[in-house]
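Structure at a glance
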Amino acid sequence: MPRVLITRRLPPPAAERLRAAGLTIEMVDQDEPPSRAELLARVRGCAALITMLSERVDAELLDAAGPDLRVVANYAVGFNNIDLDACRQRNVRVTNTPGVLTEATADLTWALLLAAARRVVEGDRLMRTGTWTGWQPQQLLGLELHGAVLGLIGAGRIGAAVARRAVGFGMRIVYADPRPCAELDGPLGAQRVPLAELLPQVDVLSLHVPLTPETRHLLDARALAQVKPTAILVNTSRGPVVDEGALVAALRAGRLAAAGLDVYEDEPRLAPGLAELPNVVLLPHLGSATVLTRQRMSALVADNVLAVLAGREPPNAVT
Ligand code: DGY
């Protein structure tokens, strides 16, 4: 019976559906990532591997799995944790979970955007520490979103969903993307501009690009210096798109008003100084973390594994 290794405790229905299809399921029965040694040992002889974004899928892991491995189904839309060439060389298909997490991630982007713009966490801290002395005309003044400019870097599914929400807030939208987006250009009334033109005009900058060699440190010290000191950065894409050290320096020096971050350069670690800054809102990579979305992702990984093992084209092929 083909074996499937699931590298973490997953919400239903992936394990149940794969088991019902007659596959032998082995699940790493914990919420934390398994150690590399455990992964290398348990992967041996598997036909399918269901991985999380925190697992490095490289030649070493693929070779440890051996020649029976036919598919790596990533439980994420991003797949920067996977060496695609190494998979291609071994005829291992790679799949992801696009579409189902778009709205949840756009919602979380807005949670961070609103929290950073209106200083929600600073206000909460004031209340919890008992240091609020009453209403003040100049206390925790934030950014007025109505009429402000939202700049999106990346206008794929999630970028467009973030933009849709911005219309209700009365924001003007600009975006930088190598390809035009019909929805943004049309009904959402956005304007596509080169990155160099976008950076100086935004009040809120939100990142929605995949992590590739081209997007690594796209927002470095030089790019951050182009942004207005009153602006807010929101990142729900991938941490390494931002040079976190440069971001800490900009926030500390008042060259950027605030940041809302869900992703980090070296997860789960934070850049020195980041957690001490009052003007950042920090979340633990929760973009897709709703009950429904995580169940839909679970259904998709099962669909993809079942398709490949049955010799069919998987619905969400990356390679
Ligand atoms: C993804 O899917 O890539 C997210 O980062 C995790 O859900």
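Before any of the text, the structure's been laid out above.
The structure reproduced in this document is the subject of the present report. Owing to the predicted nature of the structure, the values given are computational and were not obtained by experimental measurement.

The rules behind these values
Residues numbered from 1 in each chain as written. Predicted model: local features only at pLDDT ≥ 70, side-chain atom pairs only at ≥ 80, totals over all residues. Heavy atoms only, no water. Helix = DSSP H or I, 4+ residues; strand = E, 2+ residues; numbered from the N terminus. Rg over C-alpha atoms; globule rule 2.2 N^0.38 Å. Buried < 20%, exposed > 50% of the residue type's maximum accessible area, 1.4 Å probe, protein only. Areas by Shrake-Rupley, 256 points an atom, 1.4 Å probe, with all protein chains shown as cover. Lys, Arg positive; Asp, Glu negative; His and termini not counted. Charge placed at Lys NZ, Arg CZ, Asp CG, Glu CD. Patch = residues over 30% accessible without salt bridge, like charges linked within 9 Å, V, L, I, M, F, W, Y side chains within 5 Å. Salt bridge = Lys/Arg side-chain N within 4 Å of Asp/Glu carboxyl O. Expected span 1.5 Å × (residues − 1). Polar contact = N/O pair within 3.5 Å; in protein donor to acceptor, adjacent residues only side chain to side chain. Contact = heavy atoms within 4.5 Å. Near = heavy atom within 4 Å. Nonpolar A, V, L, I, M, F, W, Y, C, P; charged D, E, K, R; others polar. Phe/Tyr/Trp six-rings, centres within 6.5 Å; stacked < 30°, edge-to-face > 60°. Core = buried A, V, L, I, M, F, W, Y, C linked by side-chain atoms within 4.5 Å.

Concerning the overall build of the chain
- For the chain, the helix and strand inventory stands at 12 helices and 12 strands.
- Its C-alpha atoms give the chain a radius of gyration of 21 Å, within 12% of the compact-globule value 20 Å for 319 residues.
- Along the longest, intermediate and shortest principal axes, the C-alpha atoms of the chain span 70 × 45 × 35 Å.
- When burial is assessed residue by residue, the chain has 50% of its 319 residues classed as buried.
- Total accessible area computed for the chain in this model is approximately 14,700 Å², and 55% of it derives from carbon and sulfur atoms.
- Put simply, the chain has 33 plus and 34 minus side-chain charges, and the middle of one group is 2 Å from the middle of the other.

Thoughts on a nonpolar patch on the surface
- Together, Met127, Trp132 and Trp135 give the surface a local cluster of nonpolar side chains, amounting to about 430 Å² of exposed area.
- Here Trp132 lies in the loop between helix H6 (120-128) and strand E6 (149-153).

A few points about helix H5 (residues 102-117)
- Taking 1.5 Å per residue, 16 residues should reach 22 Å; H5 reaches 22 Å between its end C-alpha atoms and fits that length.
- When you tally the buried positions in H5, you get 12 out of 16 residues, the bulk of the element.
- Those residues of H5 not exposed but buried are Thr102, Ala104, Thr105, Ala106, Leu108, Thr109, Trp110, Leu112, Leu113, Ala115, Ala116 and Ala117.
- Downstream of H5 by a residue or two, Arg119 has a phi angle that is positive, lying close to 55 degrees.

Some details on the side chain of Thr215
- Structurally, the position occupied by Thr215 is in the loop between strand E9 (204-207) and helix H10 (221-226).
- Judged by its relative accessible area of 10%, Thr215 is buried.
- From its side chain, Thr215 meets the backbone nitrogen of Thr212 in a polar contact 2.8 Å long.
- Sequence-distant contacts of Thr215, defined by excluding residues within four places in its chain, comprise Val209, Pro210, Pro240 and Val241.

Re the site of the ligand
- All residues adjacent to the ligand are Leu53, Ala76, Val77, Gly78, Leu101, Arg238, His285, Ser288 and Met297.
- Note that an oxygen atom of the ligand is positioned 2.7 Å from one of the side-chain N or O atoms of His285.
- Protein burial of the ligand: of its 230 Å² of free accessible surface, 90% is covered by the chains.
- Considered class by class, the residues forming the shell around the ligand number 5 nonpolar, 3 polar and 1 charged.

So, the packing of aromatic side chains
- Summed over all chains, the structure comprises 1 aromatic pair.
- Pairing Trp110 with Phe169 gives two aromatic rings, centres 4.4 Å apart and planes at 20 degrees, and the pair type is stacked. In this pair, Trp110 sits in helix H5 while Phe169 sits in the loop between helix H7 (157-168) and strand E7 (172-176), placing the two residues 59 residues apart along the sequence.

Digging into the environment of Gln295
- Take Gln295: it is sitting in helix H12 (residues 291-309).
- It is 36 Å that separates the C-alpha atoms of Gln295 and Ala257, two residues lying 38 residues apart in sequence.
- Residues in contact with Gln295, not counting those within four places in the same chain, are Pro11, Pro12 and Pro13.

Considerations on the nonpolar core
- Counting 52 residues, the largest nonpolar core has Val4, Ile50, Leu184 and Val305 as the members making the most contacts within it.
- For this core, the element with the most residues is H5, which contributes 7 residues.
- Beyond its immediate sequence surroundings of up to four residues, Val305 is in contact with Val4, Leu18, Leu23, Ala48, Ile50, Val71 and Ala73.
- Of all hydrophobic cores here, the second largest spans 33 residues; its members include Val193, Val242, Ala250 and Leu274.

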